[in-house]
Amino acid sequence: MTEPSTQPADRGSGQQTQEADRLREILRAPGYLRVLVFAAFIGIPVSLIAFWFLVGLHELEHGLWANLPHGLGWDAPPWWWPLPLLLVAGAVVGLLAGRLPGAGGHIPASGLHTGGTSPVTLPGVLLAAVASLPFGAVLGPEAPLIALGGGLALLFHGLTRAPSTPQSTALLGAAGAAAAIAAIFGNPLIAAVLLIEVAGVGGPQLFAVILPALVSSGVGALVFTGFGRWTGLETGNLSLQLSKPLPRLDAADVLWTIPIAVALAVLLHPMLRAARRLAAYVAGGVLSRTVLCAVAAGVCAAVYALITGRTPADVALSGQTTLGRLAADPHAWGVGALIAVLLLKGVAYTLCLGSLRGGPVFPALFLGAAVGALLAPLPGLGLVPAMAAGMAAATAATLRLPVSSVVLVVLLLGSSAMMPIVILAAVIAFVATELLPAGTAMPPSTGAEQPTAEAGNPEAAGAP
């Protein structure tokens, strides 16, 4: 009798041994160890500077949108308030983009980037962020924070006069960016996951491998938790018992998640295509066209305030504060107000993505949450599941980073109870977006964004 061949098992064992040996070689390389130690040290000053940068943005925003109107006798900003502020934002960003190295940072419509910010371009990036975000740009601070962290890491490394390679420079830039981005999300896990996906570690193969794993884990969680609830039996778990648990998912929540995710992908995709076309248009006359786009975004906020009687800050700004108010009391928003904020903030978001400076994350989260709140009255659909699915789908469709979108939304919810539909929504929206037509390519870089494929090759950092 012929014995079964063991060659495949032997081959797999040998490959694992080779990979383990290769990892040990990378970790033992003096160059990589220097990068690792330096990354630990730069996390301290980068986090402190990022913290105070965010504090400054917040205080300036509060002063412009709360203290100044109150000082002038208004309880809330009047309807026309965004117009002069965004006029100033457009003029300053247009001047910075045309005259300073780095053009004030990369264009938000091109997505998030981890590299390309050198110390010489950092002042322009920070000034453009200060001119955009507190003055009403419908963008978040995550892109300037990534640039701040990466630029500071390279600056500190340059001050030490230590030898460097392109690979170690990319690794240090990514490490600094992760330290800075953790300041806005308040969690190092989302910073690490976000930077892994943004840096493109693994390339298309990463998404090809992770998407089936995400889908399988999400469906598995539904089956496992559902079966346990039906039978009344327990297997033990590591979850904490929250004082106010989120509602349990049911079949209707899961079924409604599918069309919500597809609809958001189909709706957001043309917005992003329009933003890229707008960026190409702005590149032909930076100052005048940046001002035009910024004022047009202000008009959207003013029209919203006129037709709803609500504050124009619902449309202007990143949506981070407004998202908190929406989640706390969604019933305070009528159907008309939700439709108006979706339409007008969506247009303003598109205009700012193609012209001003900032990041795309928080407006996408708000738009997804608003869609969820609007659709929550559908038969069998709960408010929290609808908002969770909407946020996950909108973030994945906008950023095209499915794992980061899942982690971010779960952290925002403060519980893993909604994780199955969050995963399902993120994967469906990501796949649907990737299958839609690619659209207009971005114009050539104006100085801030450069590819960082080297960040995915830590082995090369071992060279002195």
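Asker: Go over the overall build of the chain with me, naming the residues and quoting the values.
Answerer: Tallying secondary structure elements over the chain gives 16 helices and zero strands in all. In the chain, which comprises 464 residues, the proportion classed as buried is 49%. A fraction of 80% describes how many contacts in the chain between residues 6 or more apart in sequence connect residues 24 or more apart. For the chain, the exposed area adds up to about 21300 Å²; of that, 68% sits on carbon and sulfur atoms.

Asker: Tell me about the pattern of salt bridges, and please be specific about residues and values.
Answerer: When their charged atoms lie close together, side chains carrying opposite charge are able to pair. What the rule picks out here adds up to three salt bridges. Of the charged contacts, one joins Glu434 and Arg400 as a salt bridge, the two residues approaching to 3.6 Å between their closest N and O atoms. Pair noted here: Glu434 is in helix α16 (residues 419–435) and Arg400 is in the loop between α14 (383–399) and α15 (402–413), with a separation of 34 residues, a long-range link. Glu434 gets classed as partly exposed once you look at its relative accessible area, which sits at 40%. When salt bridges that share partners are traced, they join Arg310, Asp314 and Arg325 into one network.

Asker: Which residues make up the packing of aromatic side chains, and what are the values?
Answerer: In total, this model carries five aromatic pairs according to the counting rule given. A ring pair is formed by Trp74 and Trp81, whose centres lie 6.0 Å apart and whose planes are at 70°; its orientation type is edge-to-face. The class of Trp81 is buried, set by a relative accessible area of 6%. Centre to centre, the rings of Trp80 and Trp81 are 5.6 Å apart; their planes meet at 45°, and the pair counts as tilted. Each member of the aromatic cluster is reached from another via a ring pair, and the members are Trp74, Trp80 and Trp81. For Lys345, the ring lying beneath its charged end belongs to Phe366, and the centroid distance is 5.3 Å.

Asker: Can you explain helix α9 (residues 251–282)? Please cite residues and give values.
Answerer: With 32 residues, α9 should cover 46 Å at 1.5 Å per step; its first-to-last C-alpha distance of 47 Å lies within 8% of that length. The opening residue of α9 is Asp250, an N-cap whose side-chain oxygen sits 3.2 Å from the backbone nitrogen of Ala252.

Asker: Hey, could you go over the nonpolar core for me, with residue numbers and the actual values?
Answerer: A general feature of soluble globular proteins is that nonpolar side chains tend to end up buried together. Grouped together as the largest cluster of nonpolar side chains are 121 residues, with contacts concentrated most on Leu145, Ile181, Phe185 and Leu326. Of the residues forming this core, the biggest block, twelve residues, is contributed by α9. When sequence neighbours within four positions are dropped, the list of residues in contact with Phe185 reads Glu142, Ile190, Leu194, Val361, Phe362 and Leu408.

Asker: A description of α15 should follow, citing residues and the corresponding values.
Answerer: Residues lying three or four places apart along an α-helix face the same way, a consequence of the helix completing one turn every 3.6 residues. Taking 1.5 Å of rise per residue, the twelve residues of α15 would be expected to cover 16 Å, and the 17 Å separating its terminal C-alpha atoms lies within 8% of that figure. Buried within α15 are the following residues: Pro402, Val403, Ser404, Ser405, Val406, Val407, Leu408, Val409 and Val410. Immediately beyond the C-terminal end of α15, within one or two residues, lies Gly414, with a positive phi of roughly 75°.

Asker: Please provide a residue-by-residue account of the environment of Ala337, values included.
Answerer: Residue position: Ala337 is located in helix α12 (residues 335–353). Apart from the residues within four sequence positions on either side, Ala337 is in contact with Tyr304, Thr308 and Arg310.

Asker: An account of the packing of α9 against helix α10 (residues 286–308) is needed here, citing residue identities and associated values.
Answerer: In the contact formed by α9 and α10, the axes pass within 8 Å of each other and the chain directions differ by 140°. Viewed along their axes, α9 and α10 adopt a mutual orientation that is oblique. Between α9 and α10, the contacting residues are Leu278, Tyr281 and Val282 on the first element and Val286, Arg289, Thr290, Leu292 and Cys293 on the second.

Asker: Give me the lowdown on unusual backbone geometry, citing residues and values where you can.
Answerer: Even without being glycine, Leu317 reaches a positive phi, approximately 70°. For Leu317, the position within the fold is in the loop between α10 and α11 (320–328). Despite not being glycine, Arg400 has its phi angle at roughly 60°, a positive value.

Asker: Tell me about the confidence of the model for the chain, and please be specific about residues and values.
Answerer: For the chain, the average pLDDT comes to 80, and 74% of its residues sit at 70 or higher. Residue range residues 230–243 is modelled with pLDDT below 50. Its contacts to residues more than four positions away, or to other chains, number four contacts. The model gives residues 444–464 a pLDDT under 50, and that stretch makes 49 contacts with residues more than four places away or in other chains.

Asker: A description of the side chain of Thr322 should follow, citing residues and the corresponding values.
Answerer: Inspection of the secondary structure puts Thr322 in helix α11. Residues within four places of Thr322 in sequence aside, it is in contact with Ala313, Asp314, Trp333 and Phe366.

Asker: For the packing of helix α3 (residues 82–99) against α10, give the residues involved together with the corresponding values.
Answerer: In a pair of packed helices, the angle between the axes and the distance between the axes together describe the arrangement. Across the interface, α3 lies against α10 with an axial gap of 8 Å and an inter-helix angle of 155°. Judged on the interaxial angle alone, α10 and α3 are roughly antiparallel. As for the relative orientation of α3 and α10, their crossing is right-handed in sense. On α10, the residues that touch Pro82, Leu83, Leu86, Leu87, Gly90, Ala91, Val93, Gly94, Leu95, Ala97 and Gly98 of α3 are Val286, Leu287, Thr290, Val291, Ala294, Val295, Ala297, Gly298, Val299, Ala301 and Ala302. Tallied by class, the residues present in the contact of α3 with α10 amount to 17 nonpolar, five polar and no charged.

Asker: Give a description of the environment of Val335 that names residues and reports values.
Answerer: Here Val335 is to be found in helix α12. Once the C-alpha coordinates of Val335 and Ala373 are considered, the two residues, 38 residues apart in sequence, prove to be 9.1 Å apart.

Asker: Please set out a nonpolar patch on the surface residue by residue, giving values where relevant.
Answerer: Together, Leu68, Leu72, Trp74, Trp79, Trp80, Val299, Val303, Leu306 and Ile307 make up a nonpolar patch on the protein surface, roughly 830 Å² of accessible area in all. In this structure, Leu68 sits in helix α2 (residues 30–71).

Asker: If you had to explain the side chain of Arg357 to someone new, which residues and values would you point to?
Answerer: Among the secondary structure elements, Arg357 is positioned in the loop between α12 and α13 (361–375). Within the structure, Arg357 has its side chain in polar contact with the backbone oxygen of Ala103 (distance 3.1 Å). A polar atom in the side chain of Arg357 sits 2.9 Å from the backbone oxygen of Ser355. Beyond its immediate sequence surroundings of up to four residues, Arg357 is in contact with Val93, Ala97, Ala103, Gly104, Gly105, His106, Ile107, Pro108, Ala128, Ser132, Leu133 and Leu139.

Asker: Tell me what's going on with the environment of Leu424, and back it up with residues and numbers.
Answerer: As for its placement among the helices and strands, Leu424 is situated in helix α16. Each C-alpha atom of the pair Leu424 and Thr257 lies 7.4 Å from the other, and the pair is 167 residues apart in sequence. Here Leu424 is in contact with Val254, Thr257 and Ile258, once residues within four sequence places are set aside.

Criteria and thresholds
- Residues numbered from 1 in each chain as written.
- Predicted model: local features only at pLDDT ≥ 70, side-chain atom pairs only at ≥ 80, totals over all residues.
- Heavy atoms only, no water.
- Helix = DSSP H or I, 4+ residues; strand = E, 2+ residues; numbered from the N terminus.
- Buried < 20%, exposed > 50% of the residue type's maximum accessible area, 1.4 Å probe, protein only.
- Contact = heavy atoms within 4.5 Å.
- Areas by Shrake-Rupley, 256 points an atom, 1.4 Å probe, with all protein chains shown as cover.
- Salt bridge = Lys/Arg side-chain N within 4 Å of Asp/Glu carboxyl O.
- Phe/Tyr/Trp six-rings, centres within 6.5 Å; stacked < 30°, edge-to-face > 60°.
- Lys NZ or Arg CZ within 6 Å of the ring centre and 35° of its normal.
- Expected span 1.5 Å × (residues − 1).
- Polar contact = N/O pair within 3.5 Å; in protein donor to acceptor, adjacent residues only side chain to side chain.
- Core = buried A, V, L, I, M, F, W, Y, C linked by side-chain atoms within 4.5 Å.
- Axes fitted to C-alpha atoms, helices over the stretch in contact; angles between N-to-C directions.
- Parallel < 35°, antiparallel > 145°, perpendicular 65-115°, else oblique.
- pLDDT = per-residue confidence, 0-100.
- Left-handed = near helix turned anticlockwise from the far one by under 90°.
- Nonpolar A, V, L, I, M, F, W, Y, C, P; charged D, E, K, R; others polar.
- Patch = residues over 30% accessible without salt bridge, like charges linked within 9 Å, V, L, I, M, F, W, Y side chains within 5 Å.

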